[in-house]
Amino acid sequence: VLPLQLLIIDEIGCLHMDIQGADLFFQSIAKRYEKASAFASNKAFSQWNEVFAGVTIASAILDCILYHCIVVNTAIFRHFRTLLTVVLIASYRHCC
């Protein structure tokens with residue numbers, strides 16, 4: 001099995017996770033620490049404690065995700081999400 005070069009997770013916040021789901025999500029993110037990943041959410045970072053069953057696990061997840069990252073507010077691009085995703089992937093392939 002080849003390792004993932006880019007992980008894309010979309011729609012964070014559409015479903016709430018119990019503590020076990022949040023823990024598994026954190027473990028997956030922690031394994032990819034400082035590797036190419038893209039995350040999309042309809043929730044502000046301040047609301048992630050509602051998604052991930054508590055402030056502690058949400059803070060740990062955000063700490064892994066936000067370290068050495070670029071945050072892009074794509075609210076104005078909602079209708080162009082497919083185009084935006086293609087541009088991000090193309091940029092990633094071009095620079096790596």
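Note that residues are indexed from 1 along each chain, following the sequence as it is written. Confidence filtering applies because this is a predicted model: local features only for residues at pLDDT of at least 70, side-chain atom pairs given and counted only at 80 or more, and all residues used for totals across whole chains, interfaces and linings. Hydrogens are left out, water is left out, and the side-chain values use all remaining heavy atoms of the structure.

Caption draft 1: Main features of helix α3 (residues 55–66). The way it works is that DSSP assigns letters per residue, a run of H or I at least four long becomes a helix, a run of E at least two long becomes a strand, and they are numbered from the N terminus. One less than the residue count of a helix, multiplied by 1.5 Å, gives the span that helix is expected to have. Relative to the 16 Å expected for twelve residues at 1.5 Å per residue, α3 spans 16 Å between its end C-alpha atoms, a close match to the ideal helical length. The rule is simple: take the accessible area with a 1.4 Å probe, protein chains only, and divide by the maximum for that residue type; under 20% is buried, over 50% is exposed, in between is partly exposed. Along α3, the residues that are buried comprise I57, A58, I61, L62, C64 and I65. In a view along the axis of α3, the buried residues occupy a sector of 160°, so they form one face of it. Seen from the buried face of α3, the exposed residues on the opposite side, beyond 90 degrees, are V55, T56 and D63. Turning to α3, the residues buried within the fold contact α1 (19–31), β2 (37–41) and α2 (48–51). At the C-terminal side of α3, H68 shows a positive phi close to 60°. Comment: arc refers to directions from the helix axis out to C-beta atoms. Contact definition: two residues touch when any of their heavy atoms are within 4.5 Å.

Caption draft 2: Examining the packing of α1 against α3 more closely. Axis lines are fitted to C-alpha atoms, over the contacting stretch for helices. Their N-to-C directions set the angle, which ranges from 0 to 180 degrees. In the contact formed by α1 and α3, the axes pass within 10 Å of each other and the chain directions differ by 20°. Taken together, the axes of α1 and α3 lie roughly parallel to each other. Relative to α3, the crossing made by α1 is left-handed. In this structure, α1 contributes I19, A22, D23, F25, F26, I29 and A30 to the contact, and α3 contributes I57, A60, I61, C64 and I65. Under the scheme applied, nonpolar residues are Ala, Val, Leu, Ile, Met, Phe, Trp, Tyr, Cys and Pro; charged residues are Asp, Glu, Lys and Arg; polar residues are all the others, including Gly. Its residues assigned to classes, the contact of α1 with α3 shows eleven nonpolar, no polar and one charged. These descriptions rest on fixed angle ranges, namely under 35 degrees for roughly parallel, over 145 for roughly antiparallel, 65 to 115 for roughly perpendicular, and the rest for oblique. By definition, turning the near helix anticlockwise from the far helix through less than a right angle yields a left-handed crossing, and turning it clockwise yields a right-handed one.

In short, geometric facts, not functional conclusions.
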